[in-house]
Amino acid sequence: MRIGLDVGSTTLKCVVYDDKGELAFKAYERHYSQIAEKAAQMLAAAKEQCAGMEQAALCVSGSAGMGLAEDLKIPFVQEVYATRTAVRHYVPKADVVIELGGEDAKILFLSGAMEVRMNGSCAGGTGAFIDQMSTLLNITPEELNRLSGESERTYSIASRCGVFAKSDIQALLNQGAQKKDISASILTAVVNQTVAGLAQGREISGNVVYLGGPLTFLPQLREAFDRILKVEGACPENSLYFVAMGAALSQEVAQFELSEIMEKIRHYSSKKQYRGSEALFSSQEEYREFERRHQQDSVPTNAPLLPGGKAFVGIDAGSTTVKAVAMNEEEEIIFSRYLPNSGNPVPLVRDFLAELYSKFPEIHVVSSASTGYGEEIVKNAFGLDLGVVETIAHFTAAKKFEPEVDFIIDIGGQDIKCFKIKNETIDNIFLNEACSSGCGSFLQTFAGALGYEMGEFARLGLFAGNPVDLGSRCTVFMNSSVKQAQKDGASIENISAGLSMSVVKNALYKVIRLTDAKTLGNHIVVQGGTFLNDAVLRAFEKEIGHPVTRPSVAGLMGAYGAALYAKERAAWEKSKMIDAQGLASFSHQVKAVTCNGCENHCRLTVNTFTNGARYIAGNRCEKPLQKGKTQVHYNLYDYKKQLLDAYRPCEGPRGRIGIPMGLNMFELYPFWYRFFTALGFGVFHSPESDRKLYFKGQHTIPSDTVCYPAKLMHGHIEELLSEKPDAIFYPCMSYNFDENLGDNHYNCPVVAYYPEVLDANVAALAETKFIYDYVGIHRPKDFPKKMCGILAKYFSGITEKEVKAAAKAAYEEYSAHMERIRQKGKEYLALAKEKDLPVIILSGRPYHLDSEVNHGIDKLICECGAVVVSEDSVSDLVERFPTGVLNQWTYHARLYAAAKYVAQSGDPRLNLVQLVSFGCGVDAITGDEVRSILEREGRIYTQIKIDEITNLGAVRIRLRSLFAALNLGAEKV
Amino acid sequence: MAEQTSRVQFTKEMKKDYTIITPNMAPIHFELIKNVLQSFGYKIELLRTTGREIVDEGLKYVHNDTCYPALLSIGQMMHALHSGKYDLHKVALVMTQTGGGCRASNYIHLLRKALKRDGLEFIPVISINISGLESNPGFKITLPLLRRAIAALTYGDLLMLLKNQTKPYEVTAGESDALVEEWLKKLTRLFEQGKAFSQREVREYFDQIARSFAGIQLEQKEKLKVGIVGEIYVKYSPLANNGLENFLFEQGCEVMVPGILGFMIFKVDNRLEDIALYGGSAAKKRVCTLLKWYFTKYETDLIESVKKYPQFTAPASYERLKELAGEVIGHGCKMGEGWLLTAEMMELVESGYENVVCTQPFGCLPNHIVGKGMIRKVREVLPQANIVPIDYDASATKVNQENRIKLMLAVAQERHTGKDVDGVSPA
């Protein structure tokens, strides 16, 4: 008898082979981290079924089984190896194995040189990811599978991280995209993530075997793999049990007296201690006192409609919930709803209004407003009078409870919003950009995974004696921290309390980046559904060290604020909002179309309502909305693009050179174009980046945590290769031009050396002349000679004299190009002054010009009514000045200079927004420095973190809040 | 230009009674360096603190997306300042500054920002650099000091190298570690007397050290040989890499960690390489050539002393490493550990340490290029290479790291025995 036990991150699998080698028992169960107990139970069941099994050979595998095996001296095999053992036994002809588990993704290449790949620290594209996404859609993974089979189209969803994918999906839902299409898109994203993260340049072909839970249970996922990899993979019998079977079949097994080892496992609790922290409440009295204190901050929620029937309606269509409130003239709530938003907010709002009208037939709605992610669609669908940016809605509501409020923190399902209030206006805003670990959905996901409903789960932790200290970290990483704590014997109560604390810590230390609780404020209002959990509220008060105000309607504050805002702004007697009659015949239709307005070809969702109103979403610009009549925009990003477009592809007698249009080439293309054309080469560049281009190159990306602009280079190289140029030119450059703004003039390591990565990982480059030598344009005197030496390696007959002349032309071209940018910048600044328009200095690096990188944020700002200029167009307007960090990168020196320019200007119309690419290590330093340059002069710093995401919802809120805070632009009130 | 005006200098007066708190990186090396500095009259406190508190302090004071080494060193120092053990008006802090294009050159500024947040900006922070970035009247890196520091680092390299090769096989457990301790004490005594620094003495003590380790009785047993490369801090610091060296020992491996001297030569040689690639001043070239020659002498002596004992594997020379790197990556790639990291992987594989853990802080920029970015090409040249890249940061868990290392070890085991875990010999 041989027993294999596979202790995975979320499930437990066990198989038993009898002495004839037949599979005599198998079992599969979620272990909800009660590993020892469940394992013992499972073994007992096995023993019962396999009569006469007193002794057996046993072996453990699986990531969560390591500690157990080690401590009980049971043999352990690494799960990838166990998989291979089983595959060899059952599918001897397999070439490649793809196994997706709860939190792991693996690819095994069996034929040829054996290689095994496992996902790194990122859990995107695993079972947990699919679970998370189905929760978001409010369906089961099986339903997701079924729906996916009916899909008509797919959207691109960021697959690198569950957090990003979530915001993409949320946006799609709010735009009214169909669940079936989203489902298919999710599965496609999983495949892309697996391929991008694990294939790393090696082709997946031949006999492909699919293993693990997700691939077993979701045929559509297998289909997606087949489709994208162009293979016909198979999912063998018992595909869930391969790790367990491999463990049983492995040579490592050792004989055990079964009842004895079962007993040991049952009583096993890890010897290792987890790190604990102080309990939330030490006694019931303490808790009661806490409850009493918070009951003071309440507003009636069941108030009557006052004579005259005047009422105000506020609707907050948030990311995971829809909140709706109706209040009377006394600002007391007469009716409210807090509804989980499983996608489309429209039917929820319709039901709310229907209920409202039937409950209060005599109601006279004076004014109404919507806010939140779904602000636009709700406003359009039901004819609401006003839309208000979330931050303002929350501030309005908070003032009601604490007139002196100086800090508001709102923790919702997916976002954290914090704002400082100074002089009755919003002074500073913090939003979580790329991280949802401090949010409600974080708790909810964990509660769900452990088999609880969220409120119930949070309550478990209230009196936990020794909460786990989980620190502050990303949701995805938190999974493994929790796993570790479970391994170390933490109880569910202590994990619950620990998670509540970590929500708070994430909000404080990751989003607000707090060092001292005192700087937060004296009159803090906390709100958002997450704070309705006493455990979270208590953790927050404990962490900052003093009491805060939690309104009784903490979960409704956005909606209540919108209602108050509607009342405040009502200069009319009757709301335009749909009435009871109109509501009865209300209907809503969604159609997906592709916009052909420009080369972006955005996929639009067109919502049509009974009243004839239309709402279009998914657009990156306002073109489809306005049918041709676009307003004039002053956008320096557009101008820079035009300048680059002027360098047309050309032919030359010496051959054709292709240049990838990415990273520093966005600035140096004019230089190299002129240089090579002067030498008699034809020059062309790769096309503008888009998702398609990215996917073309994603299989050769060796490091999945590098920034998106660098990853795009792989696609650009593929595009260039398909053009079969005589050479591809993309030099390594440690140094950039010295603009005398800083201490040195480096490029960042990625910009400097990415050509090395391309050479090492894009196998197809070997077939072409790839010129990626180290070049120093920062030394114009030495450049011609050095460059001549480099060119001689690839081409014959180019003289130093020729190179000298070409270099001269190139340097001149570059200077002229930069001068044009600076001139245009000055022109726009003057124009803005004259027309009294707000100006945003959209600061990033040259490659943030790429619309696939900036996602059209420049256009978005223009739509808000501002003039957009770039950092390089103003950086020459300030003198070199001392900075608090070593100012050693050319591109970043411009950022500091641009910040200084804004800080010195004393002009409130002038503001800076910094674009930061996710994974840019340098920006961890520059961001803080730019902030401090601005804040020293009392200016607001706004940072927008961008990645592969295409969702601009959060960005829009951020920008609108900025304009609202500044009282500028379209938000002028 | 960094804010020179507001910087608190470390004055000559401070040298008398200020304690200079130093973060730790490589325990053996830093202990020796500390002793060198003490012999120059500085009061040095080398931090040996460990534990989650340090990470927490770091998370509080440093931008969470900043690299893990910055977070830990700054966390360690802030933790020390908060411990109540020191008179805050009588302490100074020290930080190295490489001056390269990597963000590591900015650690010192991040430390100052952290101090400022805490209202401790009066504490002087001393930069240790050889790039002429910042200077302090009370802390001068003089030529004698530099010479001694280089000697100390090389002693550290030698002790680490030999200990790693004897410890897994020692018959009497603990003998190798005890010998390291003994040498640390002995060298400290010698440093105090101003001895063991001259070339002649160094050569003599290198021989003595090698001889003493050769005297350790070893068991004949086969062990998996694993090399560790990576970002310099994570590579050496047990605090950062979750005790990687020990973990590998426990898993029954022999561990090889390339030394620090190579990195020092690399940093000097970079300047020469820059001049060769882009042009530059002849005077600078002369100075750097001299310095490189000087460093290389120590390296040569170390290699020769080790080579006298055939049971030991001597490290390859810097020039050999450079040659190896040239097969896959340009010598102009110099930020962070640059091509040296790639070269170290190749050299390890070539000298029998085919299994390599490539350690890096999560999101380390140079490592995207020279670590993960080069693995494929290294395998092309050396197909036997079995490399696993591991990310370290405040939120990565040991379970995941160890699981991945175990996978690498399983591959190693299989190749080592010539049979795979299923007992099947490869076709």
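Residues numbered from 1 in each chain as written. Chains lettered and ligands numbered in written order. Predicted model: local features only at pLDDT ≥ 70, side-chain atom pairs only at ≥ 80, totals over all residues.

**A look at the overall build of chain A**
Consideration 1: The helix and strand tally for chain A stands at 35 helices and 30 strands.
Consideration 2: Considered along the principal axes of its C-alpha atoms, chain A spans approximately 90 × 85 × 55 Å.
Consideration 3: Taken over 973 residues, chain A has a buried fraction of 61%.
Consideration 4: For chain A, contacts bridging at least 24 residues in sequence account for 74% of all contacts bridging at least 6. (Helix = DSSP H or I, 4+ residues; strand = E, 2+ residues; numbered from the N terminus. Buried ≥ 20, exposed ≤ 12 C-beta atoms within 10 Å, placed from the backbone. Contact = placed C-beta atoms within 7 Å.)

**Digging into the overall build of chain B**
Consideration 1: Counting its secondary structure elements, chain B contains 17 helices and eight strands.
Consideration 2: Reported as C-alpha extents along the three principal axes, the dimensions of chain B are approximately 70 × 50 × 45 Å.
Consideration 3: A burial count over chain B gives 56% of its 427 residues as buried.
Consideration 4: Considering only contacts in chain B between residues 6 or more positions apart, those separated by 24 or more positions represent 73%.

**Description of helix H5 (residues 107-117) of chain B**
Residues and elements named next belong to chain B.
Consideration 1: Burial of H5 is extensive: nine of the 11 residues sit out of reach of the surface.
Consideration 2: If you check which residues of H5 are buried, you get Tyr107, Ile108, His109, Leu110, Leu111, Arg112, Lys113, Ala114 and Leu115.
Consideration 3: In this fold, the buried residues of H5 make contact with helix H3 (52-61), helix H4 (68-82), strand S3 (91-96) and strand S4 (125-128).
Consideration 4: Gly119 sits one or two residues past H5 and shows a positive phi near 70°.

**A few points about the domain arrangement of chain B**
Residue and element names in this part refer to chain B.
Consideration 1: Here chain B is described as being made up of domain 1 (14-140) and domain 2 (222-259 + 315-416).
Consideration 2: A C-alpha centroid distance of 27 Å is found between domain 1 and domain 2.
Consideration 3: The partner domain 2 presents 18 residues to the 17 residues of domain 1 that form the contact.
Consideration 4: Breaking the side of domain 1 that touches domain 2 down by element, the ones donating at least two residues are H3 and H4.
Consideration 5: Counting residues per element, the side of domain 1 that touches domain 2 draws most heavily on H4, which supplies four residues.
Consideration 6: Its residues assigned to classes, the side of domain 1 that touches domain 2 comprises 12 nonpolar, four polar and one charged. (Domains from an automatic or database assignment. Nonpolar A, V, L, I, M, F, W, Y, C, P; charged D, E, K, R; others polar.)

**Looking at the packing of helix H24 (residues 636-645) of chain A against helix H30 (residues 800-835) of chain A**
Residue and element names in this part refer to chain A.
Consideration 1: Contact geometry of H24 with H30 gives a least axis separation of 11 Å together with a crossing angle of 155°. As far as their axial angle goes, H30 and H24 are roughly antiparallel. Regarding H24 and H30, the two cross each other, and that crossing is right-handed. Side by side, H24 and H30 meet where Leu636, Tyr639, Lys640 and Leu643 of the first sit next to His817, Arg820, Ile821, Lys824, Gly825 and Tyr828 of the second.
Consideration 2: Taken together, the residues of the contact of H24 with H30 sort by class into five nonpolar, two polar and three charged. (Axes fitted to C-alpha atoms, helices over the stretch in contact; angles between N-to-C directions. Parallel < 35°, antiparallel > 145°, perpendicular 65-115°, else oblique. Left-handed = near helix turned anticlockwise from the far one by under 90°.)

**Focus on the nonpolar core**
Consideration 1: Of all hydrophobic cores here, the largest spans 365 residues; its most connected members are Val868 of chain A together with Leu111 of chain B.
Consideration 2: At 11 residues, the largest contribution of residues to this core is made by helix H6 (residues 143-166) of chain B.
Consideration 3: Here this core gathers at least three residues from each of two domains, domain 1 (14-140) and domain 2 (222-259 + 315-416) of chain B.
Consideration 4: With 94 residues, the next largest nonpolar core counts Ile107, Phe129, Leu187 and Ala247 of chain A among its residues. (Core = buried A, V, L, I, M, F, W, Y, C linked by C-beta atoms within 7 Å.)

**Some remarks on the pairing of S3 of chain B**
Residue and element names in this part refer to chain B.
Consideration 1: Judged by how many residues are buried, S3 sits mostly within the fold: six of six residues are covered.
Consideration 2: Burial along S3 is two-sided: Val91, Leu93 and Met95 and Ala92, Val94 and Thr96, pointing in opposite directions, are all buried.
Consideration 3: Strand direction decides the pairing type here: strand S1 (residues 19-22) and S3, joined by three bridges, are parallel. Bridged to Ile20 within S3 is Ala92. (Pairing = 2+ DSSP bridges.)

**Some details on the interface of chain B and chain A**
Interfaces are often sized by the amount of accessible area the parts lose when they come together.
Consideration 1: Each side of the interface is counted separately: chain B has 60 residues, and chain A has 67 residues.
Consideration 2: At the level of secondary structure, the elements contributing two or more residues to the side of chain B that touches chain A comprise H3, H5, helix H11 (261-278), helix H15 (365-370), helix H16 (375-381) and helix H17 (398-417) of chain B.
Consideration 3: Ranked by the residues each element gives to the side of chain B that touches chain A, the list is headed by H17 of chain B, at seven residues.
Consideration 4: Here the side of chain B that touches chain A is composed, by residue class, of 24 nonpolar, 21 polar and 15 charged.

**Observations concerning the environment of Val357 of chain B**
Residues and elements named next belong to chain B.
Consideration 1: Note that Val357 resides in strand S7 (residues 355-361).
Consideration 2: Residue class for Val357 comes out buried when judged on the 27 C-beta atoms lying within 10 Å of it.
Consideration 3: With 51 residues separating them in the primary sequence, Val357 and Met408 have C-alpha atoms 8.4 Å apart.
Consideration 4: Beyond its immediate sequence surroundings of up to four residues, Val357 is in contact with Val226, Ile228, Leu244, Val388, Ile390 and Ile405.

**Section: the pairing of strand S16 (residues 407-411) of chain A**
Residues and elements named next belong to chain A.
Consideration 1: Most of S16 sits out of view: five of its five residues are buried.
Consideration 2: Residues Phe407, Ile409 and Ile411 point to one face of S16 and Ile408 and Asp410 to the other, with burial holding for every one of them.
Consideration 3: The pairing of S16 with strand S17 (residues 416-422) spans five bridges and is antiparallel. Paired with Asp410 across the strands is Lys417, a residue of S17.
Consideration 4: As judged from the four bridges shared by S16 and strand S19 (residues 524-527), these two strands associate in the parallel manner. Counted as the bridge partner of Ile408 is Val525 from S19.

**Some points on the sheet that holds strand S5 (residues 224-230) of chain B**
Strand pairing in a sheet is mediated by backbone hydrogen bonds. Such pairs are either parallel or antiparallel.
Residue and element names in this part refer to chain B.
Consideration 1: Sheet architecture is open: four strands sit in the order S6-S5-S7-S8, paired in parallel fashion. With one partner strand each, in any of the chains shown, strand S6 (253-256) and strand S8 (386-392) form the two edges of the open sheet. With direction set aside, neighbouring strand axes in the sheet form an average angle of 25°.

**Let's talk about the sheet that holds strand S12 (residues 321-328) of chain A**
Residue and element names in this part refer to chain A.
Consideration 1: Spatially, five strands are ordered S13-S12-S11-S14-S15 in an open sheet, and the strand pairing comes out mixed. Of all the strands in the sheet, just strand S13 (333-340) and strand S15 (386-387) have a single pairing partner and so form its edges.
Consideration 2: Sheet analysis places strand S14 (residues 364-371) next to S15, joined by two bridges and oriented parallel. Following the sheet pairing, Ser370 is matched in S15 by Gly387.

**Comments concerning unusual backbone geometry**
All names here are of chain A.
Consideration 1: If you check the backbone angles, Lys230 has positive phi at about 55° while not being a glycine.
Consideration 2: Note on placement: Lys230 falls in the loop between helix H9 (219-229) and helix H10 (242-249).
Consideration 3: Looking at Lys230, the number of C-beta atoms within 10 Å reads 8, which means it is exposed.
Consideration 4: Notably, His855 is not glycine yet its phi reads approximately 55°, a positive angle.
Consideration 5: Examined against the element boundaries, His855 turns out to sit in the loop between helix H31 (851-854) and helix H32 (857-863).
Consideration 6: The buried category is assigned to His855, around which 21 C-beta atoms lie within 10 Å.

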